[in-house]
Structures are given as C-alpha cells and as structure tokens.
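# A look at the structure
Chain by chain, the residues:
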Number of protein chains: 2
Amino acid sequence: MEKKIYLDESEMPKKWYNLAADLPMLPPLGPDGKPISPEMLAPVFPMNLIEQEVSTERWISIPEEVQGMLKIWRPSPLIRAFELEKALGTPAKIFYKNESVSPAGSHKPNTAIPQAWYNKQFGIKRITTETGAGQWGSALSFACALIGGIECKVFMVRVSYEQKPFRQILMNTWGGTCVASPSMETAAGRAVLAEFPDTPGSLGIAISEAIEAAVTDPTGKTRYGLGSVLNHVMLHQTVIGLEAKKQLAKVGIKKPDIVIGCCGGGSNFAGLAFPFIQDKINGDDIEIIGAEPASCPTLTKGTFMYDHGDIAKMTPLLPMYSLGHNFIPAPIHAGGLRYHGMSPLVSAAVRAGYVTPIAINQSECFEAGMLFAKTEGIVPAPETTHAIAATIREAKKAKEEGKEKIIIFNLSGHGLMDLVGYDKYMRGQLSDYEMSDKEIGDNLHQMDGYPKP
Amino acid sequence: MEKKIYLDESEMPKKWYNLAADLPMLPPLGPDGKPISPEMLAPVFPMNLIEQEVSTERWISIPEEVQGMLKIWRPSPLIRAFELEKALGTPAKIFYKNESVSPAGSHKPNTAIPQAWYNKQFGIKRITTETGAGQWGSALSFACALIGGIECKVFMVRVSYEQKPFRQILMNTWGGTCVASPSMETAAGRAVLAEFPDTPGSLGIAISEAIEAAVTDPTGKTRYGLGSVLNHVMLHQTVIGLEAKKQLAKVGIKKPDIVIGCCGGGSNFAGLAFPFIQDKINGDDIEIIGAEPASCPTLTKGTFMYDHGDIAKMTPLLPMYSLGHNFIPAPIHAGGLRYHGMSPLVSAAVRAGYVTPIAINQSECFEAGMLFAKTEGIVPAPETTHAIAATIREAKKAKEEGKEKIIIFNLSGHGLMDLVGYDKYMRGQLSDYEMSDKEIGDNLHQMDGYPKP
C-alpha cells in the first residue's frame, strides 16, 4: 500500500456539503431576543456569504475560480501513518489528512479563498479579521494576495503577537497588515486596555475589534471575515472530509471507525468530520471525536446556551456551547484553540450525540506532537497536537482491545512557525491549566437573563 | 491542463543518476598534492558513502528502505506557474519542482535520509555537520529521527544562528543539537574566535568544526555528513530531476528549453539539472542556468583551482571554482549560498560549457520572491529566490523575443522560517554587496603554490 493517497485535480469536490440541511438548527438572535434577519448582518458580511450562512441547501457549488485557486495545493494528500503505528505497536490503521501542505501551512485557506472571492464579487475593497495563533490571519492575507484588489487587516491576539513575530512578517509578505489586540485603534480595544492593561488578549476581544473596524468604515467598502465558528466557514472546510472519503474509497475502505479533529472554533474539525456525520446520520457506525484543550473546555465543561461570539457583544447571540463571552483563556501555546465558544453547527452535532468531545492538557499534546515529528516527520501545529494526542489514546485502546480499527484524523497545520511551545516543553517549562468548575460558573453568570435555547 | 503534475509512488526513481559517469573529473588531492585514496577519507565518512563518492557507475540503486522514507513527501509535485506567467505577461511556460513539501521544508532531506541510513548501516552512532541557513541541519536532524539510533550534532553559522532562533528549536524537536559556529568546542573554532571575535561565521568555518568533532571522537563511532558540494550528495539529489523529466513527459513535453537552479554548494541545482545535463551531453538543446548571489560569485568571478572545502584545510583539495577557502562572504540573507567553493561536479559541468552561471543581487531576488508569494502563494526561501529571479529574467526575455519557451526551475525550499530577509526588504533596509575584483584577487593569493588543475 502506498503511503500517500492522492486524488487528481479533476476529482476535487465541485460542491460543499452543508450539514445544516441534515441537522435542525436554532436561529441566531438579535439583542431583542428575536431571530435576526439576513439584512441585519449586512454591515458585517457581504450578502452572498450571508446567503450561505443561512442556507439549508445540502450542496452548494464551489465557484470555478475558487476551485482553480484551491488547486495550488488541493486535493491534499491522505497519508497512512505507518511509522506512528509501528512506534505505538497498534493494530489500528491510522490515516491523516495533511492540510499543512497549503502555502499558509494550515487548513485555513480553504475558507479564506472563497471568503475573499465572495467579498470581491460584492465590491468590497478591504477585509478585517482577528487571528489567534496567526494561521487565520496568514491565510486571509494569502487569499487576498492571490485574489488581488482587496486589502487585509488583522487584529492578532496579543500573547500570540508577542510569541510569534515572524507571523506578522508572513502576513506582510502577502500584503496584509497586522496589529496586536487589544489595540488602541478601536473603542472595544481601548475599553479592554483601560480595565486590563496587561491582558494577554483573546479571540473574543480581537473579533470585537475587527467587527468594529469593519462596520465603522465610512466608505462602506469594508467587511469582516471570520476564520471559524460560522456556518459558511464550516461549509467551505468540508472539502477536507469530502476528499478524505474519496481517498479512503481508493484504498478500499468503506468507512473509518473513528474520525478525530481538534476543536477551537470548530472549523478544521468540521471540515473533516461533517461529511462523515452525514453518513452517521444515515446510519453508519462511526465514532467522531472532537479534542479540545483542558484549559478551554468549551464542549466538555461549557453549557449549551445563547451567547455572543465576542467580548463586546457585537455578534448576534449564537446557539452554542460556551464558557461565557468574556472568558479569557490561559495563554496556552495552541492559540487557535483559545476560544470561549464553539461553532453552532459543531455544537448542534455534539448536542445531538453525533460527536464525542474530550479535553486534553497541553503537555500530553506536545508529547504526542514530538512523537509524531520523530516518526512521521512533520512537526504539527500546537493545535493539531490535540488531535494527535486523541488519536494516540484511541490507537492504544485498539491495541488493548486487539482491534484493527481505522482511525482518520485531521493534520490541520504544521508547527514550523509555532515552535516556542515545543521549546518550553523540551525545557520542562510548560504548565497545564485546567479550568475549575467555580471559574466556569463565575463566567457563565454573565449570561443570566439571556434567552435560553 | 492541471496545475500540479504528480507521479505515483510506484513511479519514483529506483536509481540515482551519477553525472561522474558522463563527465571527466579530476581527482581530489591530499596535502602532498597526490590523489587521495578512499582509505584516507575513512575517518571522515563511512566507507559505503566513500564508495559512492568515488564511483563512476552511471546508475546507483536507491536502497528500498531509503525509498520508503523518501515517500513521506516524494515524488514532489511539478507545478505550472500559471499565475506568475500571467503577472509577467510572458508566453513562456514556467514549471517549478516543489521541493518545499518535505517536512524540513527543502530539498535537503533527499540526501540527509540516505546519508543517515548509510552511516547507520556502517555502525555509526553520531553524525556531525555544519549548516548555513539551517535547512541542512534541520534536514539531518529530521533524517536521524526517522532512522533512529543515531545522534545529530550541528554547527550552525553564527549569523544564521542569531537570525533564526526557531531553526534551533526545530532541530531540537527532531532530537538534534545545535551550537553557533565558530564555537569553543573545537580547535578550529577557537582559532577563528581568537583572531576574529566578531566574525559572522561561514560555512567554511563550520565545516572545519564539524569534521574536527567527528575525527577526534575517541570511540570511532562518529562521522561527518556534508549537505552539499560532494559527489555523493549531488548523486542523492538527482531524484529531483529524474522525477521532473517523467512529469514533463506526462504533459507531453519532451524537453525543457531552460533549466534553472540556485547555486551555493550546488546540491539543489545539481539535483534538478544533472539529469538534463545528461540529455545535453547526448545532444539535446537545453540552456542550463545556475544562479548565485553577487556577494559570493563563486562561478562567475571565482577561479577553477584546487582548493580546500573549509577554512582549516581539513578537507582534501577539491577541483572546483572557488573564491578562496578563507573567504567569509557578506552576511546576506540567503545563508545557504554563502560558500566560497562549488561542487566539483557542478564546477566540471560549468567548465565543460554545459552550465551558464549568473550572479544576482539579493534585492532583485527578494523582489522576485515577493512577486512569487503574491502570485503562486508559496513564500520561497531566500536561496530559492535566486532561481526565481533568474526565471523571471528568462521569462521576460521570452516575452521580448515572442517565444513560447519551456522553463523549469527548482523551488528548493520555502521561506517560512527565514522571514527576516523579507522584513528587511519590505522596510527598505536590505543592502546589496558585490565583491570587487581586488577583494577576490586578495583571497585567491592564498592558493599560490597549490597544485594547478
């Protein structure tokens, strides 16, 4: 059997899969507690993306020009982790979808390119966004460079901005600009800095700043782009799982036993998992695992509720698992997983019992990442190590049970620009942070009086 | 036409191509001016690699286990640069071999894996080496991790060590260790530091240190591994060109018009070019261009002579183009190209008229790299930008001449870990350095009295 399973470019998905067609969803609510209309989102997103956001069509066509740009690196290879299997002595067959092969190094360009394309179609000249670890900000800068004629402005969570100076250069190289968040450029940023001058920042704060910067542009030619959480983002990422299914079929595998992704806002997890959740809804027996950090246990310890996606309450109330919108997670090294909420679609899939969430500490994750680097060669992003740690747990379980399980996980990105965490791990300087129930309860109090799902 | 041209793993080359079979070579000489014997190299390299170094067999089998490890990322894609062509308005068809897809981010693992494998076969427990930009040190650390049971110790040129702290973490993650060169760990390093405490270092110094550390190990279980220059390194890299020929054939191209690579020690250039030089020797009309930095113009302004590969004269005298073995190039950002000498095989090919060398300043190269990043998406390594700048020159020439030329260049690595140069370029802080004829002459005086080729 070959190590890498490729598809031809002609076998790339021509349509995205929309899980909202198969899973009943609660609507987002406005400040008055009533469902919001597409028009209410118009200052924030272009209408063509809003249409995707609210769509319940099962299949949505990928524009040909977008397909062309995705071909720079797609279809991504599905790789059999022979060496990792050997090191673990497991009878399980482990496959990973290698999303690190994109020029930005992660799965994020899968949605950055269509987002930039739809914005340009709508006449938008500038996109604002937030970024945690920097993967999303890099991806959107990359996408705007390819598409041309559209600027990209990134608010980067301060702790990551300081840990990862080269991320800023990368965004600049593709023509994007980047500031640390909270910044003095927005009212939301200034308010946080006034109260907490030493804050490490959070995705929730950075989102507030990016939305504010978009909606206050007097030309009306700026919109906001989100790298995760929203329905249209999950939609764009489904190319991952759609390709993976074809690739498994090429080696005679009808269905995997276990599908694994790491969960922050939910996008890489959804990208791989949603096409398999469709099969699960239709009766297939597949275990689907979302791995999140123990320091930010949205799915395992949060509550399903209506909450805002950002600290300044600029987003609608979304039906999702949350730790509370002003929760600022500990500054762990998987910056992309430091988010208080979770994609409403992923939340609905968890709530309906299709997904099993687990929480893992970062030291176990970096240990898994080191083993992966030394066996399979690729140094995974700190976020991705959560999926690898979960995979290793399942591969060991398969060994104990003596079962030849098929496991597939999403290698959402490489860690070549995120090595500080590895350095601390090797020096024994890495701390684990687990949220206490009291801490979680205190955060959730702020949602007393909000509409209940 | 598809953007990416893949080969199946089953189509990977099973043998390396040895240009020494088709090109008359002068022997390396010992300190006495007489040809050295394989036995004289035995303290430095394992005998199985020495056999490859002196072989004149045209085809040498790639061990199956090595083929298996190369499959982690090989065959690498050949990519049509549609977007770059469009930006240049050129009728030329530009292809690039994407060697940046290896886990270490460059072509270097193509030889790191067989070198580590042959050393392990020979019972070696530890490999010492030098690295410039860090690509080779990373690659050898990666290879030793995959092969297991063999340590890797890297002497990294000081200026790069300081510019690229994350490179060290990457080597550590794969289990390698790394010190700045010149170091206090060797007599060669201490001698340089005593005379020039502020030296930026050079590959020539780092090679001296690594060889000394190998040959002075009292257990006899340490050998030295070189990432470029030597015949067996060029040999291992020919998988690049052998794959590229098959890939061009797949899209109906019998031969390219122009083949381009950047030249430091010669390995990525040789990897792509040698299989095409074989065709040129056999009568094909192909222009083959080696692009080097104007600050270190070995092929364009150096002299073909017998010179040492390192500053402490620990290597044999090699028949090559050189700027003089104690030449310390200006600290440009393409650290991998800062080498006084040139592969004897590449030198012989230049001397025989099969290769046209050109020298380019780093500002033109970074400009080319920025254009490539914004069109094709991939941020190239500073070394690689020299090949891109040469490609752009040729594509513009094709436009002037109205000729639909087929150009292929080697994208030897990505620049995600080498972004400082881009930052300086964008800030307008980048200086060009051109060597004067006097400077070159002064350096070459040291070889007065050496044997002449």
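### What to know about the overall build of chain A
Assigned secondary structure in chain A consists of 18 helices and 15 strands. The C-alpha atoms of chain A give 20 Å as radius of gyration, which agrees with the globular expectation for 453 residues (22 Å, within 12%). With the principal axes as the frame, chain A shows a C-alpha extent of 60 × 50 × 45 Å. A buried classification covers 67% of the 453 residues belonging to chain A. For chain A, restricting intrachain contacts to residue pairs at least 6 apart in sequence, the fraction spanning at least 24 positions comes to 78%. Carbon and sulfur atoms make up 51% of the accessible area of chain A, which amounts to about 14600 Å² in all. Each charge class in chain A was averaged separately, 44 positive and 49 negative side chains, and the resulting centres sit 3 Å apart.

### Side note on the relation of the copies chain A and chain B
When chain A is fitted to chain B, the residual RMSD is 0.0 Å, and the transformation amounts to a turn of 180 degrees plus an axial shift of 0.0 Å. Viewed as a symmetry operation, the transformation between the two copies matches a two-fold axis. Of all interface residues in chain A, 100% are interface residues in chain B too; the two copies therefore contact each other through one and the same surface.

### Some details on the pairing of strand β6 (residues 126-131) of chain B
In regular strands, side chains alternate between the two faces of the sheet. Residues and elements named next belong to chain B. Most of β6 is tucked away: 5 of the 6 residues are buried. Across 6 bridges, β6 lies against strand β7 (residues 151-157) in parallel orientation. Note that in β7 the partner of E130 across the bridge is F155. Looking at chain direction, β6 and strand β9 (residues 222-224) are connected through 3 bridges and run parallel. The residue bridging R126 from the neighbouring strand is T222, located in β9.

### Things to note about the sheet that holds β9 of chain B
Residue and element names in this part refer to chain B. Strand order in the open sheet made by the 4 strands is β8-β7-β6-β9, with parallel pairing throughout. Every interior strand has two partners, whereas the edge strands, β8 (177-181) and β9, have only one. Averaged over all pairs of adjacent strands, the angle between strand axes in this sheet comes to 25 degrees, irrespective of strand direction. Here helix α5 (residues 135-147) sits on the sheet in contact with β6 and β7, set at roughly 160 degrees to β6. Helix-sheet contacts for helix α9 (residues 203-215) involve β6, β7, β8 and β9, and the interaxial angle to β6 is about 170 degrees.

### Notes on the confidence of the model for chain A
Detailed reading of the predicted coordinates is not advisable wherever pLDDT falls low. Looking at chain A as a whole, the pLDDT averages 95, with 100% of positions reaching at least 70. Two summary scores accompany this predicted model of the complex, namely pTM at 0.95 and ipTM at 0.94.

### A short note on the interface of chain A and chain B
Contacts between the two partners involve 40 residues from chain A, matched on the other side by 40 residues from chain B. The largest per-residue losses of area from chain A upon contact with chain B belong to F166, T173 and L416 of chain A, which jointly make up 17% of the total buried on that side. Where chain A meets chain B, there are 2 salt bridges. Counting across the chain A and chain B interface gives 16 residue pairs in polar contact (both at pLDDT 80 or more). Mapped onto the side of chain A that touches chain B, the elements with two or more residues apiece are α5 (135-147), α7 (165-173), α15 (362-375) and α17 (420-426) of chain A. The residue makeup of the side of chain A that touches chain B, split by class, is 22 nonpolar, 8 polar and 10 charged.

### Section: the sheet that holds strand β9 (residues 222-224) of chain A
All names here are of chain A. If you trace the 4 strands from one edge of the open sheet to the other, you get β8-β7-β6-β9, paired in parallel fashion. The open sheet is flanked by β8 (177-181) and β9, the only strands paired with a single partner. Averaged over all pairs of adjacent strands, the angle between strand axes in this sheet comes to 25 degrees, irrespective of strand direction. One ladder, built from 5 bridges, connects strand β7 (residues 151-157) with β8; its direction is parallel. Each residue of the ladder has a partner; that of V157, found in β8, is S181.

### Comments concerning α7 of chain A
All names here are of chain A. For α7, a buried count of 7 out of 9 residues is recorded, marking the element as mostly surrounded by other parts of the structure. Of all the positions in α7, only F166, R167, Q168, I169, L170, M171 and T173 are classed as buried. Just downstream of α7 lies G175, where phi reads positive at about 95 degrees.

### Description of helix α12 (residues 267-281) of chain B
All names here are of chain B. Between the first and last C-alpha of α12 there are 20 Å, a value that for 15 residues agrees with the 21 Å anticipated at 1.5 Å per step. Where α12 bends most, the angle comes to about 45 degrees, and this point is A273, followed within four residues by the proline P275. When you tally the buried positions in α12, you get 14 out of 15 residues, the bulk of the element.

### Re the state of the cysteines
One pass over the full model with this rule turns up 0 disulfides over all chains. A disulfide-free cysteine, C296 of chain A has its sulfur positioned 11 Å from the sulfur of C263 of chain A, the nearest such atom. A disulfide-free cysteine, C152 of chain B has its sulfur positioned 4.6 Å from the sulfur of C144 of chain B, the nearest such atom. Its relative accessible area of 5% is what places C152 of chain B among the buried residues.

### Points about a negative patch on the surface
A cluster of acidic side chains, namely E2 and D8 of chain A together with E2 and D8 of chain B, defines a negative patch on the protein surface. As for its placement among the helices and strands, E2 of chain B is situated in the segment before β1 (4-5). Under the relative-accessibility criterion, E2 of chain B is labelled partly exposed at 30%.

### Here's the deal with the pattern of salt bridges
Residues and elements named next belong to chain A. Summed over all chains, the structure comprises 42 salt bridges over all chains. The closest approach of N and O atoms between E85 and R80, which form a salt bridge, is 2.6 Å. Taking relative accessible area as the criterion, E85 reaches 8% and is therefore assigned buried. In this structure, K153 engages E185 in a salt bridge whose closest nitrogen and oxygen atoms are separated by 2.7 Å. Here K153 is found in strand β7, whereas its partner E185 is found in the loop between β8 and α8 (187-195), with 32 residues between them in sequence. The partly exposed category is assigned to E185, whose relative accessible area is 46%. Through salt bridges with shared partners, a single ionic network connects R74, K97, E99 and E243.

### With respect to the packing of helix α1 (residues 47-54) of chain A against helix α4 (residues 109-121) of chain A
Residue and element names in this part refer to chain A. Here α1 crosses α4 at 130 degrees, and the two axes come no closer than 8 Å. The orientation of α1 relative to α4 falls into the category oblique. Contacts between α1 and α4 involve N48, L49 and Q52 from the former and Q115, Y118, N119 and Q121 from the latter. Residues belonging to the contact of α1 with α4 are distributed by class as follows: 2 nonpolar, 5 polar and no charged.

### Looking at unusual backbone geometry
Across the junction of S181 of chain A and P182 of chain A, the peptide omega takes the value 5 degrees, indicating a cis bond. Of note, P182 of chain A is situated in the loop between β8 and α8. A positive phi is found at V229 of chain A, a non-glycine position, where the angle reads about 70 degrees. For V229 of chain A, the location among the structural elements is in the loop between β9 and α10 (231-237). One non-glycine residue, K313 of chain B, adopts positive backbone phi at about 60 degrees.

Calculation rules
Residues numbered from 1 in each chain as written. Chains lettered and ligands numbered in written order. Predicted model: local features only at pLDDT ≥ 70, side-chain atom pairs only at ≥ 80, totals over all residues. Heavy atoms only, no water. Helix = DSSP H or I, 4+ residues; strand = E, 2+ residues; numbered from the N terminus. Rg over C-alpha atoms; globule rule 2.2 N^0.38 Å. Buried < 20%, exposed > 50% of the residue type's maximum accessible area, 1.4 Å probe, protein only. Contact = heavy atoms within 4.5 Å. Areas by Shrake-Rupley, 256 points an atom, 1.4 Å probe, with all protein chains shown as cover. Lys, Arg positive; Asp, Glu negative; His and termini not counted. Charge placed at Lys NZ, Arg CZ, Asp CG, Glu CD. Least-squares fit on C-alpha atoms with pLDDT ≥ 70 in both. Pairing = 2+ DSSP bridges. Axes fitted to C-alpha atoms, helices over the stretch in contact; angles between N-to-C directions. pLDDT = per-residue confidence, 0-100. Buried area = accessible area lost by both parts, 1.4 Å probe. Salt bridge = Lys/Arg side-chain N within 4 Å of Asp/Glu carboxyl O. Polar contact = N/O pair within 3.5 Å; in protein donor to acceptor, adjacent residues only side chain to side chain. Nonpolar A, V, L, I, M, F, W, Y, C, P; charged D, E, K, R; others polar. Expected span 1.5 Å × (residues − 1). Bend = angle between axes of the 7 residues up to and from the residue. Disulfide = S-S within 2.5 Å. Patch = residues over 30% accessible without salt bridge, like charges linked within 9 Å, V, L, I, M, F, W, Y side chains within 5 Å. Parallel < 35°, antiparallel > 145°, perpendicular 65-115°, else oblique.

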